[in-house]
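# Results of the structural survey
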Amino acid sequence: MNIALVGVGKIALDQHVPAIAASPDWDLTATVSRQGSVDGVESFSDFTKFLEQRPDIRVVSLCLPPVPRFDYAEAAIRAGRHVMLEKPPGASLAECRKLAAMANDFRVTLFATWHSREATMVEPAKEWLTGKVLKRLTVTWKEDVRRWHPGQDWIWEPGGLGVFDPGINALSIVTRLMPETLHLTDAVLETPENKQGPIAAHLRFAHPDGADVSAVFDWRQEGDQTWRIEAETDHGTLTLEDGGARMIVNGTEQKAAKDTLSGEYPRLYARMARLLATGESDVDLEPLRHVADAFLLGRREVVAPFFE
Ligand code: NAP
């Protein structure tokens, strides 16, 4: 199937282009970006012209930052295109809900992707946790913003989510692992005095059976990076490390099952092909709901200014 990538920046080049190139399902047939392009692929700088001139390309994958993405998604759905959204699916819950309703009305597939849910050990972790009594779940997501988001001013602006841009990846895994509905009860948002978005966040959640659930996200970690989810249960402790790539149960590293398809983004594109085949959409807004609640309930603490 033909597909177009829209917003050719860091994630499009790092992950989407190689995942599409390796996929048996997809041909990257066009890009739409004001400055970016991919060698050997027809490029457009104007999305409206693309929609008019390439009606044969039925699927678009939107890799723009969250704030500008809504207008593109809306235009694509109105033009009858199937749409993949990078995470987070939008800058607000309301606009995501509107897109989901439009996709239904226009009978197109909308896939709000959560790449971290496709990490190798997330499903095995979900299986291991099923039927066990959770006592504590602690998320530690600490990385170096200078390393992962160089020059990305949008990430500090309203709608850019600040440290929740990576933190929502952890929340996407947690909401996949735990069928129980958590709700946020308390948040502290450490916000540099010269920025709109937080550089660190501390979250607490209520769990229906009283488990102690908390998360800390921090963008100031240099050196080794930490993307860890630790779940203490009545049968011992499961730890997901490296964003879900590794799983340790009671101190023993678990082996991944043999998987013909490896990698978060190849799995996302395979899933989009399956959704198209069945005519379904997949728009789960739970991770974004927790982020929205953190911005609603969070106490803001002003911290030292941040300079890249
Ligand atoms: P990026 O490189 O800063 O932006 C992607 C592209 O979007 C830019 O190259 C730009 O292309 C276009 N763009 C930026 N602002 C725009 C605007 N106001 N209007 C129209 N187009 C605009 O960002 P990114 O790191 O790829 O992230 C994009 C999305 O992927 C985010 O939602 C992020 O959370 C997600 N993501 C990022 C990473 C990562 O490691 N960076 C990992 C996973 C997911 P043109 O200037 O050529 O139009």
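Counting restarts for each chain: residues are numbered from 1 in the order of the written sequence. Totals for whole chains, interfaces and linings use all residues, but because this is a predicted model, local features are given only for residues with pLDDT of at least 70 and pairs of side-chain atoms are given and counted only at 80 or more. Working from all heavy atoms in the structure, the side-chain values ignore hydrogens and water.

## Brief notes about the layout of surface pockets
Take a probe with the size of a water molecule and roll it over the atoms, and the empty space left behind shows itself. Note on definitions: the grid is 1 Å and covers protein atoms alone; a cavity is a set of points where a 1.4 Å probe fits but cannot get out; a pocket is an open set with protein on both sides within 12 Å along at least five of seven lines; lining residues have an atom within 4 Å of a point. Grid points are joined across faces, edges and corners, and a volume is the space filled by probe spheres set on the points. Taken as a whole, the largest pocket holds about 1,200 Å³ of empty space. Forming the walls of the largest pocket are 44 residues, and the residues nearest its centre are K10, I11, H149, Q152 and D165. Secondary-structure elements contributing two or more residues to the lining of the largest pocket are α1 (10-21), α3 (66-78), α7 (164-177) and α8 (264-278). When grouped by side-chain class, the residues that make up the lining of the largest pocket number 20 nonpolar, 14 polar and ten charged. Secondary structure elements follow DSSP: runs of H or I of four or more residues count as helices, runs of E of two or more count as strands, with numbering from the N terminus. Residues are sorted three ways: Asp, Glu, Lys and Arg are charged, Ala, Val, Leu, Ile, Met, Phe, Trp, Tyr, Cys and Pro are nonpolar, and all the rest, Gly among them, are polar.

## Regarding empty space enclosed by the protein
Here the structure, examined in full by the defined rule, presents one cavity of 30 Å³ or more. Here the largest cavity defines a volume of roughly 40 Å³. What lines the largest cavity is H16, S61, L62, M84, L85, E86, T113, Y265 and L268. Only β4 (59-62), β5 (82-85) and α8 provide two or more residues apiece to the lining of the largest cavity.

## Quick look at the site of the ligand
By convention in these notes, a residue is near a molecule or strand provided one of its non-hydrogen atoms lies within 4 Å of it. Around the ligand lies a shell of 24 residues, among which S33, Q35, K87, Q152 and D165 are the nearest. N or O atoms closer than or at 3.5 Å make up a polar contact, with two conditions inside protein: a donor-capable atom paired with an acceptor-capable one, and, for residues adjacent in sequence, both atoms drawn from side chains. Separating an oxygen atom of the ligand from a side-chain N or O atom of S33 is a distance of 2.6 Å. Within the side chain of Q152, one N or O atom sits 2.7 Å away from an oxygen atom of the ligand. For the ligand, the accessible surface in isolation is 880 Å², of which the surrounding protein chains cover 83%. Whether a molecule sits in a cavity or pocket is decided by its atoms, more than half of which must lie within 2 Å of the grid points. Here the ligand occupies the largest pocket. Computed with a 1.4 Å probe, the accessible areas rest on the Shrake-Rupley method; for each residue, only the protein chains presented here act as cover.

## A short note on the sheet that holds strand β2 (residues 27-32)
Only strands joined by at least two bridges in the DSSP assignment are considered to pair. The six strands lie next to each other as β3-β2-β1-β4-β5-β6, forming an open sheet whose pairing is parallel. Looking at strand neighbours, the two that pair on one side only are β3 (42-44) and β6 (110-112), the edges of this open sheet. Ignoring strand direction, the axes of neighbouring strands in this sheet form an average angle of 20°. The pairing of strand β1 (residues 2-6) with β4 spans four bridges and is classified as parallel. Across the sheet, I3 pairs through a bridge with V59, a residue of β4. In this analysis, two residues are considered to be in contact whenever any of their non-hydrogen atoms come within 4.5 Å of each other. Comment: axis = line fitted to C-alpha atoms, over the contacting stretch for helices; angle = value between 0 and 180 degrees taken between N-to-C directions. In the packing of α3 onto the sheet, the strands contacted are β1, β4, β5 and β6, and the crossing angle to β5 comes to about 160°.

## Here we look at the pattern of salt bridges
Salt bridge, as applied in this entry: a Lys or Arg side-chain nitrogen positioned within 4 Å of an Asp or Glu carboxyl oxygen. What the rule picks out here adds up to 19 salt bridges. E253 is the salt-bridge partner of R246, the closest N and O atoms lying 2.9 Å from each other. The salt bridge involving D282 is made with R271; its shortest N-O contact spans 2.9 Å. Pair noted here: D282 is in the loop between α8 and α9 (286-297) and R271 is in helix α8, with a separation of eleven residues, a long-range link. For each residue, the accessible area found with a 1.4 Å probe, counting protein chains only, is set against the maximum for its type, and the residue is called buried under 20%, exposed over 50%, and partly exposed in between. Take R271: its relative accessible area is 25%, and that puts it in the partly exposed class.

## A word on the packing of aromatic side chains
Pairing of aromatic rings covers Phe, Tyr and Trp, the last counted by its six-membered ring, and requires centre-to-centre distances within 6.5 Å; plane angles under 30 degrees mean stacked, over 60 mean edge-to-face, and any other angle means tilted. Using the criterion set out here, one finds nine aromatic pairs in the structure. Grouping aromatic residues by their ring pairs yields a cluster made of F44, F47, F50 and Y72. Sitting above the plane of the F111 ring, R271 keeps its charged end 5.7 Å from the centroid. Counted as over-ring charges are cases with an Arg CZ or a Lys NZ within 6 Å of the ring centre that also lie within 35 degrees of the ring normal.

## Things to note about the sheet that holds strand β7 (residues 134-142)
One open sheet accounts for nine strands, arranged β14-β13-β12-β11-β7-β10-β9-β8-β15; its pairing is mixed. Pairing within the sheet leaves two strands with one partner each, and these edge strands are β14 (252-253) and β15 (299-303). Sheet topology places strand β8 (residues 183-192) next to strand β9 (residues 200-206); seven bridges connect them, and they run antiparallel. In the strand pairing of β9, H183 is matched with A206. Against the sheet, α7 touches β7, β8, β9, β10 (212-218), β11 (226-233) and β12 (236-241), its axis set at about 155° to β7.

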